[in-house]
Amino acid sequence: MNVRIEETWRSRLQPEFDSPYFAKLAEFVRSAYKAGTVYPPGSKIFEAFNLTPFDAVKVVIIGQDPYHGPNQAHGLCFSVQPGIQTPPSLVNIYHELETEYGVSFANRNGDLRHWARQGVLLLNATLTVAAGQAGSHQGKGWEQFTDAAIRLLAEERRNLVFLLWGSFAQRKGAFIDRSRHLVLQAPHPSPLSAFRGFFGCNHFRLCNDYLAAHGQTPIQW
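Procedures and definitions
Residues numbered from 1 in each chain as written. Predicted model: local features only at pLDDT ≥ 70, side-chain atom pairs only at ≥ 80, totals over all residues. Heavy atoms only, no water. Helix = DSSP H or I, 4+ residues; strand = E, 2+ residues; numbered from the N terminus. Rg over C-alpha atoms; globule rule 2.2 N^0.38 Å. Buried < 20%, exposed > 50% of the residue type's maximum accessible area, 1.4 Å probe, protein only. Contact = heavy atoms within 4.5 Å. Areas by Shrake-Rupley, 256 points an atom, 1.4 Å probe, with all protein chains shown as cover. Lys, Arg positive; Asp, Glu negative; His and termini not counted. Charge placed at Lys NZ, Arg CZ, Asp CG, Glu CD. Phe/Tyr/Trp six-rings, centres within 6.5 Å; stacked < 30°, edge-to-face > 60°. Expected span 1.5 Å × (residues − 1). Pairing = 2+ DSSP bridges. Axes fitted to C-alpha atoms, helices over the stretch in contact; angles between N-to-C directions.

Participant: Quick question: what am I supposed to make of the overall build of the protein here?
Facilitator: Tallying secondary structure elements over the protein gives eight helices and six strands in all. Counted from the first residue to the last, the protein has its helices and strands arranged as α-α-β-α-β-α-α-β-β-α-β-α-β-α. Against the 2.2 N^0.38 benchmark of 17 Å for 221 residues, the protein shows a C-alpha radius of gyration of 17 Å, consistent with a compact globule. Viewed in the frame of its principal axes, the protein has a C-alpha envelope of about 45 × 35 × 25 Å. Expressed as a percentage of its 221 residues, the buried residues of the protein come to 54%. For the protein, the share of sequence-separated contacts (at least 6 apart) that also reach a separation of at least 24 residues comes to 68%. On the protein, roughly 9900 Å² of surface is accessible, and the fraction owed to carbon and sulfur atoms is 50%. Averaging the coordinates of the 21 positive side-chain charges in the protein and doing the same for the 18 negative ones gives two points 2 Å apart.

Structure, rendered in structure tokens:
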């Protein structure tokens, strides 16, 4: 299994890699990949970090679990590989973008790597999942690892934008200093909750306004 993580992240997260909990997590993950189908591919487990180095992060979007269907997950929350049908939550994200910017996203695929390369860290709380079994790798240590990554950003960087959609993401980002960063909260964009306040949240414009006000290039969503 070819697993790698970008150097600026690796150096900061080394204490996690050296910890007893991560040794247990790594053994669990290796065994899971050997025993059956696990998503994303091993080389994409740390793709969010690889595409968005620590000092390049401008925006953090927190998801919960990788997609567990064939050929969907590639290491970025809400994103799917090119050619795969756009998932319902991302359809709703695009709908909100259309409302905010007045442009059509009808022909946009579900691959969000262009966001990641502009500084949007698309981080799931759990970085692996068994095929067809949502949440199957929760509670194994990934949450502690991704909490550490978020804490590093919150404490070492300034003027980041955290987009916390849904109660899970909001709990995970509860500790972030609101005087140091912009934290925007809304219901999850899934079809079950998007009409409760995700639609109309205006998060993408608010995010870009904040970045521009702090001397950073806005995201080309």
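Having put the structure on the table, let's press on.
Participant: What is the right way to look at the packing of aromatic side chains in this model?
Facilitator: Geometry of an aromatic ring pair is reported as the spacing of the ring centres plus the angle between the planes. Enumeration according to the criterion identifies 22 aromatic pairs in this entry. Where F46 meets W142, the ring centres are 5.9 Å apart and the plane angle is 75 degrees; that geometry is what we call edge-to-face. Separated by 96 residues along the polypeptide, F46 in the loop between β1 (38-39) and α3 (47-51) and W142 in helix α6 (residues 142-156) bring together distant segments of the chain. W142 shares its class with F46; the two are buried.

Participant: I'm lost on unusual backbone geometry in this one. Help?
Facilitator: Most peptide bonds take the trans form, and the phi angle of most residues other than glycine is negative. Note that the residue after Y39, namely P40, is joined by a cis bond; omega there is -5 degrees. Mapped onto the fold, P40 is located in the loop between β1 and α3. If you check the backbone angles, N159 has positive phi at about 60 degrees while not being a glycine. Tracing the chain through its elements places N159 in the loop between α6 and β5 (161-165). On the basis of relative accessible area, N159 is assigned to the partly exposed category, the value being 25%.

Participant: Could you clarify how one ought to interpret the environment of F204 in this entry?
Facilitator: Within the element layout of this structure, F204 appears in helix α8 (residues 203-213). Along the sequence, F204 and Q220 sit 16 residues apart, while their C-alpha atoms lie 9.8 Å from each other. Setting aside residues no more than four positions away along its own chain, F204 makes contact with I93, E96, L97, E100, Y101, W115, W165, F198 and W221.

Participant: Before we go on, may I ask you to explain α6 in this structure?
Facilitator: Because the α-helix completes a turn every 3.6 residues, residues three or four places apart line up on one side. Between the first and last C-alpha of α6 there are 21 Å, a value that for 15 residues agrees with the 21 Å anticipated at 1.5 Å per step. All of the buried residues along α6 are W142, E143, F145, T146, A148, A149, I150, L152, L153 and A154.

Participant: Whenever I open this one, the sheet that holds strand β3 (residues 120-124) confuses me. Can you help?
Facilitator: The pairing of strands in a sheet comes from backbone hydrogen bonds and takes either a parallel or an antiparallel form. Read across the open sheet, the four strands follow the order β3-β2-β5-β6; overall the sheet is parallel. With one partner strand each, in any of the chains shown, β3 and β6 (182-186) form the two edges of the open sheet. When the angles between neighbouring strand axes are averaged without regard to direction, this sheet yields 20 degrees. Across the sheet, α6 lies against β2 (59-63), β3 and β5, angled at about 155 degrees from β3, the strand it touches most. α8 rests against β2, β5 and β6 of the sheet, and its axis sits at about 180 degrees to β6.

Functional significance is not addressed by these values, which are geometric in nature.
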